[in-house]
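Structural description and commentary
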Amino acid sequence: MPSLVRSLLLSCILFFGTRHAESVFLRKSNGNNSALNNNNNNGEEEQHRQLSSSSGGGSQSPPSSYSQLRYLTFGTSMTWGSGLEHRETQAYTWVLSKDARNLAVRASGPSYPGVCLQSMIDDEKAVYDVIVLEFFMRVEDGLLTLGKRLRERFPKAIIIFLRLWNPMHVHYFITDTTKESMPLSNWPKSIGKGFSLHDEEFKEELMQMPPGKVFFADFSDRDEIVRSVADEVDGHVVELYRPFDARVAMARYGHWFDTDWHHLSDKGHAAVAHAIESKLEQLSVDPAKQMRTAKLGSWGDGDACISWFESGDCPIGYSDGVILKAMDSSNKKHSLEIYYGVPGTVRVVNPFDEPRDLHLTYMSIGPAPSEYPVTTVEFPRTPGLEQLELDPTCYVKYGKPVHVTKTTPVGVIPPGETFVHFQVREQKTLPFRLTGISITGNEFQPKDYAFGIHNFDTGSRRRMLSATDEMEEYYNLELP
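Description of the structure in this document.

Turning our eyes to something else, we now look at the overall build of the chain. On a plain count of helices and strands, the chain comes out with 16 helices and 18 strands. Taken over 480 residues, the chain has a buried fraction of 55%. For the chain, the share of sequence-separated contacts (at least 6 apart) that also reach a separation of at least 24 residues comes to 79%. Counting only carbon and sulfur atoms, one obtains 49% of the accessible surface of the chain, whose full area is about 20,400 Å².

Moving on, we come to the state of the cysteines. Applying the stated criterion across every chain yields a total of 1 disulfide. Covalent S-S linkage joins Cys116 and Cys305, the inter-sulfur distance amounting to 2.0 Å. Between Cys116 and Cys305, the disulfide has an S-S torsion of -90° and is therefore left-handed. Of this pair, Cys116 sits in helix 7 (residues 111-121) while Cys305 is found in strand 9 (residues 303-307), placing the two residues 189 residues apart along the sequence. Neither Cys116 nor Cys305 differs from the other in exposure class; each is buried.

So, on to the pattern of salt bridges. Following the criterion strictly, the structure yields 17 salt bridges and no others. For Arg222, the salt bridge is made with Glu140, and the minimal N-O distance between the two is 3.8 Å. Here Arg222, found in helix 11 (residues 220-232), pairs with Glu140, found in the loop between strand 3 (130-134) and helix 8 (143-153); they are 82 residues apart in sequence, far enough to count as distant. For Lys193, the salt bridge goes to Glu201, with nearest N and O atoms at 3.4 Å. Using a relative accessible area of 31% as the deciding quantity, one classes Lys193 as partly exposed. We classify Glu201 as partly exposed; its relative accessible area is 34%.

Moving on, we come to the sheet that holds strand 15 (residues 388-390). Strand order in the open sheet made by the 4 strands is 12-17-14-15, with antiparallel pairing throughout. Two strands lie at the open edges of the sheet, namely strand 12 (344-350) and strand 15, each paired on one side alone. On average, each strand axis in the sheet is inclined to that of its neighbour by 30°, with strand direction left out of account. As judged from the 3 bridges shared by strand 14 (residues 375-378) and strand 15, these two strands associate in the antiparallel manner. Along strand 15, the bridge assignment pairs Thr376 with Glu389.

Right, let's get into the packing of aromatic side chains. Applying the stated criterion across every chain, the model contains 13 aromatic pairs. Ring centres of Trp165 and Phe216 lie 5.5 Å apart, and the angle between their planes is 85°; on these two criteria the pair is classed as edge-to-face. Residue Trp165 is found in the loop between strand 4 (158-163) and strand 5 (170-173), and its partner Phe216 is found in strand 7 (residues 214-216); the two are separated by 51 residues along the sequence. Residue classification places Phe216 among the buried positions, given a relative accessible area of 14%. Taking the centre distance of 5.5 Å and the plane angle of 90° together, the rings of Tyr241 and Tyr253 count as edge-to-face. Here Tyr241, found in the loop between strand 8 (236-239) and helix 12 (246-253), pairs with Tyr253, found in helix 12; they are 12 residues apart in sequence, far enough to count as distant. For the residue pair Tyr241 and Tyr253, the accessibility class agrees, reading buried in each case. Each residue in the set Trp187, Phe195, Phe202 and Trp261 is aromatic and connected to the rest through ring pairs, giving one cluster. Arg87 extends its terminal NZ or CZ atom over the ring of Trp80, reaching a point 3.8 Å from the ring centre. The residue whose ring lies beneath Arg356 is Phe352, and the NZ or CZ to ring-centre distance is 3.8 Å.

Okay, the sheet that holds strand 5 next. Ordered in space as 6-5-7, the 3 strands form an open sheet in which the pairing is antiparallel. Because the sheet does not close on itself, it has two edges, and the strands there are strand 6 (181-183) and strand 7. Adjacent strand axes in the sheet meet at a mean angle of 35° when their direction is disregarded. Pairing between strand 5 and strand 6: 3 bridges, direction antiparallel. Bridging across to strand 6, His171 finds its partner in Pro183. Where helix 12 meets the sheet, its contacts fall on strand 5 and strand 7, and the angle it forms with strand 7 comes to roughly 85°.

So, on to the packing of helix 7 against helix 8. Relative to each other, helix 7 and helix 8 sit at 30°, their axes nearing to 7 Å. The pairing of helix 7 with helix 8 is recorded here as roughly parallel in orientation. Residues Pro113, Gly114, Val115, Cys116, Leu117 and Gln118 of helix 7 touch helix 8, and the partners they reach there are Thr145, Leu146, Arg149 and Leu150. Broken down by class, the residue content of the contact of helix 7 with helix 8 amounts to 6 nonpolar, 3 polar and 1 charged.

Another point: helix 11. In this model, helix 11 (13 residues) spans 18 Å end to end at C-alpha, consistent with the 18 Å of a helix rising 1.5 Å per residue. Among the residues of helix 11, Arg222, Asp223, Val226, Arg227, Val229 and Ala230 are the ones counted as buried. Axial view of helix 11: buried residues confined to an arc of 170°, hence all on one face. Residue Asp234 follows helix 11 closely and has a positive phi angle near 60°.

Next up on the list: the pairing of strand 9. Where burial is concerned, most of strand 9 is hidden: 5 out of the 5 residues are buried. What you see with strand 9 is no split at all: Asp303, Cys305 and Ser307 on one side and Ala304 and Ile306 on the other are buried throughout.

Parameters at a glance
- Residues numbered from 1 in each chain as written.
- Predicted model: local features only at pLDDT ≥ 70, side-chain atom pairs only at ≥ 80, totals over all residues.
- Heavy atoms only, no water.
- Helix = DSSP H or I, 4+ residues; strand = E, 2+ residues; numbered from the N terminus.
- Buried < 20%, exposed > 50% of the residue type's maximum accessible area, 1.4 Å probe, protein only.
- Contact = heavy atoms within 4.5 Å.
- Areas by Shrake-Rupley, 256 points an atom, 1.4 Å probe, with all protein chains shown as cover.
- Disulfide = S-S within 2.5 Å.
- Salt bridge = Lys/Arg side-chain N within 4 Å of Asp/Glu carboxyl O.
- Pairing = 2+ DSSP bridges.
- Axes fitted to C-alpha atoms, helices over the stretch in contact; angles between N-to-C directions.
- Phe/Tyr/Trp six-rings, centres within 6.5 Å; stacked < 30°, edge-to-face > 60°.
- Lys NZ or Arg CZ within 6 Å of the ring centre and 35° of its normal.
- Parallel < 35°, antiparallel > 145°, perpendicular 65-115°, else oblique.
- Nonpolar A, V, L, I, M, F, W, Y, C, P; charged D, E, K, R; others polar.
- Expected span 1.5 Å × (residues − 1).
- Arc of directions from axis to C-beta.

Set out below in structure tokens:
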């Protein structure tokens, strides 16, 4: 079929296909959220026109009045800008405003900013008007804690919860007679084709599949959590526009995503920025008034968190059985490695005047079995703290193998220094990898958290640079 005819046919299929069932572009919380998957047929073509103009040419600046607002964003590799050639200008955070602050962490969830909010922001005078949270696939992992802490600190801020989708959420039924399905990303190979997400042939073949054979995975449980958390903290849900028909969504808006079928492209980031500013317009936000009425609240119990995951700068004392090492050839990820048969000890300092919870962050792999070893932790100089095991398996359901950080609360430590002793219990392909510590109040539940870690140069971190002489003398170890 000639390419021109094929393109015209595809355009007709897309036009008439999208007339049937479309999901709502933006949803509002506070008890007024309609179901995230409800259909809305009115104005779909106008909406598509607006989206095409806002994202078709790549990153564009939002209206100047909204770009004056002080934005703060938290999220995963999506918000961080993975895959972008120029993330500092193309990621939606900076499309909204060149002065916005992006605190996203790759391979992360909401637990880390929830636990370490004060350490991450690291500015006692910083005020924000709009705060965006992008954690849809990790909503079970402490989203409410993060929302509550943000609301307590920034009582007048507009808090937005993004509900994004990506091609990895789209599946297809393998046959017409069974309910067995696979991710759509497997489909081209299964039919002997080598086309990519952006190929016209892919779109044509996709639109020829029967309606209903291609569908979005059911994330209604996550939708409910997002809505309930947004209601709890007086926030708002913003959904990246998604046609009800998954074929149409992929054919018409596949350019919003990278060829890895997961991350946003520059056009996708522009579409997210458009969705956020459309919500602000829907809320009749007056930027001058919003900035004028902003105020600061409390950090709650506060926190003191440090990490060497990205910087490779580890300020805590550690024994010669522990090795600070880059995890990859690009030297972008670092950890303290502890090996089987070589026990190791690290020294941490609780800078507060009262006992605080200690959380350890380390690398994990999922699903089981993990290539990282089970490792025991004990506190030889702190009576009352029991030995426990760290399980480096990620149990969060991603739908694909993952290599992410995991954080576990290990006990309540007294003010001042505490020595933490590690013993690897099994021989595995990889050593145990410690990437950070967090010292928090007791407002967090005693459970495992799987979330990302970042590098923060905080006052508490500088306080942990105190002398290591006593540790060296006690253990008779040579410290770096």
